[in-house]
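The primary structure of each chain is shown beneath.
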Amino acid sequence: MTNNNPIGVFDSGIGGTSIWSAIHDLLPNEQTIYLADSKNAPYGQRTKEEIVALSKKNVDFLLDMNCKLIVVACNTATTNAILELRADYDIPFIGIEPAIKPAANNSKTQVIGILATKGTLNSELFNKTAEMFQNTKIIEQVGYGLVQLIEDGNLNSPEMTQLLESYLQPMIDANIDYLVLGCSHYPYLIPQIKKILPEHIQIIDSGEAVARQTQNILRDKVGFTDNQKSDPVFYVNSNPEVLKSILEYKYPVIEKDF
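Residues numbered from 1 in each chain as written. Predicted model: local features only at pLDDT ≥ 70, side-chain atom pairs only at ≥ 80, totals over all residues. Heavy atoms only, no water.

- The chain is annotated in an unreviewed UniProt entry as Glutamate racemase from Flavobacterium bizetiae.
- UniProt's Catalytic activity (unreviewed entry) comment on the chain is quoted here verbatim: "L-glutamate = D-glutamate".
- Here is the UniProt Sequence similarities (unreviewed entry) comment for the chain, exactly as written: "Belongs to the aspartate/glutamate racemases family." (UniProt positions renumbered as here; feature names shortened; annotations may be inferred.)

Listed below in structure tokens is the structure:
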């Protein structure tokens, strides 16, 4: 089965490029279109109704580009809107949510940390997943301010370091041995996080798992492209220079109001 239409990927901003990168590495021949709704970031402080409406707006944009499946590369959008998206659109959706399961199953201290947005931690989907691991203590921390600093291009600022230290130290004190990154922006903070965490604490994000699931859906339901490798296209509705910088100026970035 062949399908040469592109894969659509969207996030509340630039953070989902960490998910896009994993997909692109695994499936380099697939055409991808990335949508960064930076104008409305962060989604984590918005109501469920707002998140659903913004997610549908993004989906409509990608469907106009003839995407064959859509990756919701945003934990907040997945945990708050993916059920509505799957009910309202006849296209496969792949979501992303905090990787609690591998952390809980592999933890030796039975204490794990979750750094995520308020919208993700308050969502019904997240809490249903967390309830499955009654024998594991889960230390939840809202990453207030982190997404906005990333979106503003202040990835390595003193303010970022100060926030990370204040969020992570209580987890260290609680004896976590796994830290789950519950926001697609946060993998860009891993170099700084590693400077704060003791070496024995493992960091988990969802990029590779989402890429493998994308591959599975293409194989089982949608079809792979038979084209040669093609360059991805990135759309953003605010502050394109930050996205260009994250991408190291390798790919075209189109600023467009949506």
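Some words on the pattern of salt bridges
Part 1: For the structure shown, the criterion picks out 10 salt bridges.
Part 2: Its salt-bridge partner being K39, residue D257 comes within 2.7 Å of it at the nearest N-O pair. Here K39 lies in the loop between β2 (32–36) and α2 (48–64) and D257 lies in the segment after β10 (253–255), a separation of 218 residues in the sequence.
Part 3: Assessed through its relative accessible area of 64%, D257 is described here as exposed.
Part 4: When the shortest N-O distance is used, the salt bridge between D88 and K56 registers 2.5 Å. Pair noted here: D88 is in helix α3 (residues 75–88) and K56 is in helix α2, with a separation of 32 residues, a long-range link.
Part 5: Residue classification places D88 among the partly exposed residues on the basis of a relative accessible area of 48%. (Salt bridge = Lys/Arg side-chain N within 4 Å of Asp/Glu carboxyl O. Helix = DSSP H or I, 4+ residues; strand = E, 2+ residues; numbered from the N terminus. Buried < 20%, exposed > 50% of the residue type's maximum accessible area, 1.4 Å probe, protein only.)

Brief notes about the environment of Y188
Part 1: Within the secondary structure, Y188 is located in the loop between β7 (178–182) and α9 (190–196).
Part 2: Under the relative-accessibility criterion, Y188 is labelled partly exposed at 24%.
Part 3: Separated by 173 residues in sequence, Y188 and G15 place their C-alpha atoms 7.7 Å apart.
Part 4: Setting aside anything within four residues of it in sequence, one finds Y188 in contact with I14, G15, T17, S18, L155 and I246. (Contact = heavy atoms within 4.5 Å.)

Digging into the UniProt feature "binding site: substrate" (unreviewed entry) in the chain
Part 1: UniProt records the feature "binding site: substrate" (unreviewed entry) for D11, S12, Y43, G44, N75 and T76 in the present numbering. Across 66 residues, the annotated set stays spatially compact, with a maximum C-alpha separation of 11.5 Å.
Part 2: Looking at the secondary structure, you find D11 in strand β1 (residues 7–11).
Part 3: In contact with D11, not counting residues within four places along its chain, are G16, Y34, L35, A36, D37, A73, C74, S184 and H185.
Part 4: With respect to the secondary-structure elements, S12 resides in the loop between β1 and α1 (17–26).
Part 5: Under the relative-accessibility criterion, S12 is labelled buried at 5%.
Part 6: Sequence-distant contacts of S12, defined by excluding residues within four places in its chain, comprise D37, S38, A41, Y43, C74 and H185.
Part 7: A distance of 3.5 Å separates the side chain of S12 from the side chain of D11, its partner in a polar contact. (Polar contact = N/O pair within 3.5 Å; in protein donor to acceptor, adjacent residues only side chain to side chain.)

Looking at the state of the cysteines
Part 1: Going through the model one piece at a time under the given rule, you end up with 0 disulfides.
Part 2: Not part of a disulfide, C67 finds its nearest cysteine sulfur in C74, a span of 17 Å.
Part 3: The cysteine C183 is free of any disulfide, with C74 supplying the nearest cysteine sulfur at 6.7 Å. (Disulfide = S-S within 2.5 Å.)

Describing the pairing of β2
Part 1: Most of β2 sits inside the fold, with 5 of its 5 residues counted as buried.
Part 2: Here β2 shows no split at all, with T32, Y34 and A36 on one side and I33 and L35 on the other all buried.
Part 3: Across 5 bridges, β1 lies against β2 in parallel orientation. Along β2, the bridge assignment pairs V9 with Y34.
Part 4: Each parallel crossover has a hand, and for β1 linked through α1 to β2 it is right-handed. (Pairing = 2+ DSSP bridges. Right-handed = clockwise from strand over helix to strand, strands pointing away.)

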